Amino acid sequence: MMEKSQKIVFLQALIVTFLIFNLGIFLGFKLEENRINKVNTFYLESEMDLLDQRIQREIFDITTINCDKAIEANIDFADKIFAEAKIISRYESASRLSNELEFQHKRFDLLRTLFWINSIRIKRDCNADYDNLVYLYKLNDLSLEDKAKQSVFSNVLTGVKEKYGSKIMLIPIAADTGIPSIELLLDAYNVTELPVILINEEIQLNDLDEVKELEKYLE
Amino acid sequence: MVQILPYVYLGYMFISIYFVTFYLLLFIRNRKNMFESPEVTKKYTISVLVPAYNEQDTIENTIKAVFDSKYPIDELIVLDDGSKDDTGKIVKSLLKKYSKLVYINKENSGKADSLNQGIKLAKSELIAVVDADSYPEKEAFGRLVGFFDDEKVGVATPYIIPRNREKFWEKLQYIEYSVIAFTRKLLGYVDAIYVTPGPLALYRKSALEHIGGFDKENMTEDIEVTWHLTKEGYKRKMSLGAVATTTVPSKLKPWLTQRRRWNLGGLQCISKYKRYFLRKGMLGFFILPFFILNLFLGLVGLSIFLYLSISRIITNYFYVRSSFIVGSAVISSGNFHYTPSFLNYLGIVLFVFGLIYTVLILFIMKQNVMLKKHNFFIFLIYSTIYLMFYPFILVTSLYHYFKGVQRWR
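Thresholds, definitions, all that
Residues numbered from 1 in each chain as written. Chains lettered and ligands numbered in written order. Predicted model: local features only at pLDDT ≥ 70, side-chain atom pairs only at ≥ 80, totals over all residues. Heavy atoms only, no water. Contact = heavy atoms within 4.5 Å. Buried area = accessible area lost by both parts, 1.4 Å probe. Salt bridge = Lys/Arg side-chain N within 4 Å of Asp/Glu carboxyl O. Helix = DSSP H or I, 4+ residues; strand = E, 2+ residues; numbered from the N terminus. Buried < 20%, exposed > 50% of the residue type's maximum accessible area, 1.4 Å probe, protein only. Patch = residues over 30% accessible without salt bridge, like charges linked within 9 Å, V, L, I, M, F, W, Y side chains within 5 Å. Areas by Shrake-Rupley, 256 points an atom, 1.4 Å probe, with all protein chains shown as cover. Core = buried A, V, L, I, M, F, W, Y, C linked by side-chain atoms within 4.5 Å. Domains from an automatic or database assignment. Pairing = 2+ DSSP bridges. Right-handed = clockwise from strand over helix to strand, strands pointing away. Lys, Arg positive; Asp, Glu negative; His and termini not counted. Charge placed at Lys NZ, Arg CZ, Asp CG, Glu CD. Polar contact = N/O pair within 3.5 Å; in protein donor to acceptor, adjacent residues only side chain to side chain. Nonpolar A, V, L, I, M, F, W, Y, C, P; charged D, E, K, R; others polar. Axes fitted to C-alpha atoms, helices over the stretch in contact; angles between N-to-C directions. Parallel < 35°, antiparallel > 145°, perpendicular 65-115°, else oblique. Left-handed = near helix turned anticlockwise from the far one by under 90°. Arc of directions from axis to C-beta.

Undergrad: Looking at this model, I keep getting lost on the interface of chain B and chain A. Mind explaining?
TA: In many reports, interface size means the accessible area that the parts give up when they come together. Counting from both sides, the interface comprises 42 residues of chain B and, opposite them, 40 residues of chain A. For the chain B and chain A pair, buried surface summed over both sides reaches about 3,800 Å², with 71% attributable to carbon and sulfur atoms. There are 1 salt bridge connecting chain B and chain A. A salt bridge links Glu 145 of chain A to Arg 321 of chain B, with the shortest nitrogen-to-oxygen separation between them at 3.2 Å.

Written out as structure tokens, the structure reads:
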């Protein structure tokens, strides 16, 4: 009968669906892989820049430190971090198939922590007048309120960075990823609540009312 | 929850791609004979049953349409289910004009019971059920009878088109009915037709007698009878060349009531036939799983949609409130940067496939008037918002279903 011969379509459709679906998944992986590669490139470039800075510091330790150069390199690096962080954050929110960006995030956090320490040192050794603005935020177990609060913090910090430019070193770090060095720094600066904006390792701003006054601390 | 969402989404994608592919493959295989009807090789006698309740506006035209049929009709029995309007008066006035017209005035007992009484009275080999607001076209019966040469065929159904198609809501249903008819025709090729709609269905009398007629307890006797016939091994056929027009709701509220009734009937059928799940031919291996899958996908999809929407609303509320406290702009340049995920792309591809499928149907069904400039907005609304109503109606139907079950106990 006609119907019997056509029931093969159930199977044919399944095979075609598998093909289309797997092609879609393959293209999805390719898309995410492409983004991961871009992030990797950012990371390698940043890593090189930071290593270069650290070597410069080592050189300056045995000779005389050229503060102008060190500060300039630090500022450039901070600007780069700021631009990269925005792109990485967008890629992360669009990542669905692979969790590789989560690992990349940790690597970036380590790099940024290293940069933070470098920044503290340069500020101290060269008596630089920039402000270290470290934004320590939550990456995991975010409540809806946390999510909204962190979005507002991000907006405020982006605005401040755009306004003050090179006068501030804006360093965003996810502080709840279990990285021991970050936890050490949290302990060292008595950070108990996230998200927090840490200004020059002295002032902590947790509340929205305090963040409103952020610019006051930057004058 | 958020971590599993991409996988749920992928599951939906897979199922959607499967059905679009399934229908397209069936269409490709049968594109040349979609509108063909079987040849009439044998003369069948036909009794038409018209159950009527307060149908004074349409009953005369329905009777006229039936007797205008090119295929001879042996009798038309109007089963007046205790109408309170002039239905009876109108039918009685036509008795002289149409000698084969029979008027039965009975106490109100529901459509299914009326039909069962009609089956007992009917003298023909085939019984056509025609809703009192539906008009079969002249060729309709002639294009359906040929199916009955195959003794396993229990019912044949035509292409139902909305007759009223001027208003916005009617035009949306016009597109929907074309899609439904086309899909039903395709399902017919794999013996998977799951409903023979009320506006016109032609049954083999012996098949109806074999299954004991229509289920009086079911809210959609046309779905139930189709499932019952399927269970008993009868084939269901559909002809796109046979056409009947019907009246569709013009406004949202009656439309919602109608759809809720359809859903409730479907739920009743699932409940009644659940023991045949993955048993008993196409009923257990396709129709029941198909309905249950629809139910499951509708509910899960709606839950996810609500979860995401409510989460977004709450987050936005906190965000706006916090922005005001801090004094920062609610909308910043960052709001305009959106990086689409792979799933977004897949969703767009699937949506485009769905649109192409609908456009293809409208062209094939020669209803491409709905794609003309003045109707294109309607087409877009159908493809987006209209279909989104389905899961919401499903939830309200479930609510009524369980409420009803408690009451029935």
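Undergrad: Where do I start with unusual backbone geometry in this structure?
TA: Negative phi characterises most residues that are not glycine, and trans characterises most peptide bonds. All names here are of chain A. Residue Pro 195 is bonded to the preceding Leu 194 through a cis peptide linkage, with omega at 0°. Residue placement: Pro 195 occurs in the loop between α6 (180-188) and β3 (196-199). At Asp 141, a residue that is not glycine, the phi angle is positive and equals roughly 50°. Note on placement: Asp 141 falls in the loop between β1 (131-137) and α5 (144-164). On the basis of relative accessible area, Asp 141 is assigned to the exposed category, the value being 72%.

Undergrad: Would you take a moment to explain a nonpolar patch on the surface for this structure?
TA: Residue and element names in this part refer to chain A. A cluster of nonpolar side chains, contributed by Ile 8, Leu 11, Leu 14, Ile 15, Phe 18 and Leu 19, occupies part of the molecular surface with about 550 Å² of accessible area. Relative to the assigned elements, Leu 11 resides in helix α2 (residues 8-62). Relative accessible area serves as the criterion here: at 47%, Leu 11 is assigned to the partly exposed category.

Undergrad: Please explain the pattern of salt bridges as it appears in this structure.
TA: Any two side chains of opposite charge can pair if their charged atoms end up close together. Scanning the entire structure with this criterion turns up 22 salt bridges over all chains. For Asp 146 of chain A, the salt bridge identified is with Lys 138 of chain A, shortest N-O distance 2.9 Å. Here Lys 205 of chain B and Glu 209 of chain B are joined by a salt bridge, their closest N and O atoms 3.6 Å apart. With a gap of 4 residues between them, Lys 205 of chain B and Glu 209 of chain B both fall in helix α7 (residues 205-211), about one helical turn apart. Residue classification places Lys 205 of chain B among the buried positions, given a relative accessible area of 14%. Overlapping salt bridges bring together Glu 45, Lys 80 and Glu 84 of chain A as one network.

Undergrad: So what exactly am I meant to see when it comes to the nonpolar core here?
TA: Taken as a class, soluble globular proteins show a tendency for nonpolar side chains to be buried jointly. By size, the foremost hydrophobic cluster in this structure holds 61 residues, and its most contacted members are Phe 22, Tyr 23, Tyr 159, Phe 182, Leu 186, Trp 227 and Phe 286 of chain B. When residues of this core are assigned to domains, at least three fall in each of domain 1 (5-20 + 289-326 + 340-403) and domain 2 (34-275) of chain B. Setting aside residues up to four positions removed in sequence, Phe 286 of chain B forms contacts with Phe 10 of chain A together with Phe 19, Leu 187 and Ala 192 of chain B.

Undergrad: Can you help me understand the pairing of strand β2 (residues 168-174) of chain A in this one?
TA: Within a regular beta strand, the side chains point alternately toward one face of the sheet and then the other, so they alternate between its two faces. Residues and elements named next belong to chain A. Judged by how many residues are buried, β2 sits mostly within the fold: 7 of 7 residues are covered. Every second residue of β2 is oriented toward a common face, with Ile 168, Leu 170, Pro 172 and Ala 174 on one face and Met 169, Ile 171 and Ile 173 on the other, all of them buried. The sheet contact formed by β1 and β2 spans 7 bridges and is parallel. If you follow Leu 133 over to β2, its bridge partner there is Leu 170. In the classification by handedness, the crossover that spans β1, the intervening α5 and the parallel β2 is right-handed.

Undergrad: Just to check I follow, could you spell out a positive patch on the surface for this structure?
TA: Among the surface-exposed residues, Lys 274, Arg 275, Arg 279 and Lys 280 of chain B lie close enough to one another that they form a single positively charged patch. Mapped onto the fold, Lys 274 of chain B is located in the loop between α9 (252-273) and α10 (281-326).

Undergrad: What is the right way to read the domain arrangement of chain B from this model?
TA: All names here are of chain B. The assigned domain composition of chain B is domain 1 (5-20 + 289-326 + 340-403) and domain 2 (34-275). Of note, the centres of domain 1 and domain 2, computed from C-alpha atoms alone, are 31 Å apart. Listed by partner, the interface residues are 29 residues for domain 1 and 32 residues for domain 2. Of the roughly 2,900 Å² buried between domain 1 and domain 2 on both sides combined, carbon and sulfur atoms contribute 80%. Where domain 1 meets domain 2, there are 4 residue pairs in polar contact (both at pLDDT 80 or more). Sort the elements by how many residues they give to the side of domain 1 that touches domain 2 and helix α12 (residues 373-408) lands first, with 16 residues. Class assignment for the residues of the side of domain 1 that touches domain 2 results in 23 nonpolar, 6 polar and no charged.

Undergrad: When you look at the sheet that holds strand β2 (residues 75-81) of chain B in this model, what are you seeing that I'm missing?
TA: Strand pairing in a sheet relies on backbone hydrogen bonds. The paired strands run either parallel or antiparallel. Residue and element names in this part refer to chain B. In space, the 8 strands of this open sheet follow the order β3-β2-β1-β4-β7-β6-β8-β5, with mixed pairing throughout. Two strands lie at the open edges of the sheet, namely β3 (101-106) and β5 (134-136), each paired on one side alone. Adjacent strand axes in the sheet meet at a mean angle of 30° when their direction is disregarded. Here helix α3 (residues 87-94) sits on the sheet in contact with β1 (46-52), β2 and β3, set at roughly 155° to β3.

Undergrad: Help me out: how do you make sense of the packing of helix α1 (residues 5-30) of chain B against helix α11 (residues 342-364) of chain B in this one?
TA: Residue and element names in this part refer to chain B. At a minimum axis separation of 11 Å, α1 and α11 run at an interaxial angle of 25°. By the angle class used here, α1 and α11 are roughly parallel. The handedness of the crossing between α1 and α11 comes out as left-handed. In this structure, α1 contributes Pro 6, Tyr 9, Leu 10, Met 13, Ser 16, Ile 17, Tyr 23, Leu 24 and Phe 27 to the contact, and α11 contributes Phe 342, Leu 343, Leu 346, Gly 347, Leu 350, Tyr 357, Leu 360 and Ile 364. Partitioning the contact of α1 with α11 into residue classes produces 15 nonpolar, 2 polar and no charged.

Undergrad: Just checking my understanding: could you explain the side chain of Thr 158 of chain A for this structure?
TA: Residues and elements named next belong to chain A. With respect to the secondary-structure elements, Thr 158 resides in helix α5. Side-chain polar atoms of Thr 158 contact the backbone oxygen of Ser 154, separated by 2.7 Å. Every residue in contact with Thr 158, bar those within four places of it in the chain, is listed here: Phe 82 and Lys 86.

Undergrad: Where do I start with the packing of helix α8 (residues 221-231) of chain B against α10 of chain B in this structure?
TA: Helix packing geometry: the angle between the two helix axes and the distance between the axes. Residue and element names in this part refer to chain B. Direction vectors running N to C along α8 and α10 enclose 150°, while the axes themselves pass 9 Å from each other. It follows from the interaxial angle that α8 and α10 lie roughly antiparallel. The two elements α8 and α10 cross, and the hand of that crossing is left-handed. Seen from α8, the contacting residues are Trp 227, Thr 230 and Lys 231; seen from α10, they are Met 282, Leu 283, Ile 287, Leu 288 and Phe 291. For the contact of α8 with α10, a count of residues per class yields 6 nonpolar, 1 polar and 1 charged.

Undergrad: Help me understand α3 of chain B, please; the structure alone is not making it clear to me.
TA: Residue and element names in this part refer to chain B. Along α3, the positions that sit buried rather than exposed are Thr 87, Gly 88, Ile 90, Val 91 and Leu 94. Viewed end-on, α3 has its buried residues packed into an arc of 165°, placing them on one side of the element. Facing away from the buried side of α3, by more than 90 degrees, are the exposed residues Lys 89 and Ser 93. If you follow the buried residues of α3, they end up packed against β1, α2 (59-67), β2 and β3.

Undergrad: Where do I start with the environment of Lys 84 of chain B in this structure?
TA: All names here are of chain B. Checked against the element boundaries, Lys 84 lands in the loop between β2 and α3. As a C-alpha pair, Lys 84 and Trp 255 span 171 residues in sequence and 23 Å in three-dimensional space. Beyond its immediate chain neighbours, meaning those up to four positions away, Lys 84 contacts Tyr 53 and Asn 54. Polar side-chain contacts of Lys 84 include one of 3.3 Å to the side chain of Tyr 53.

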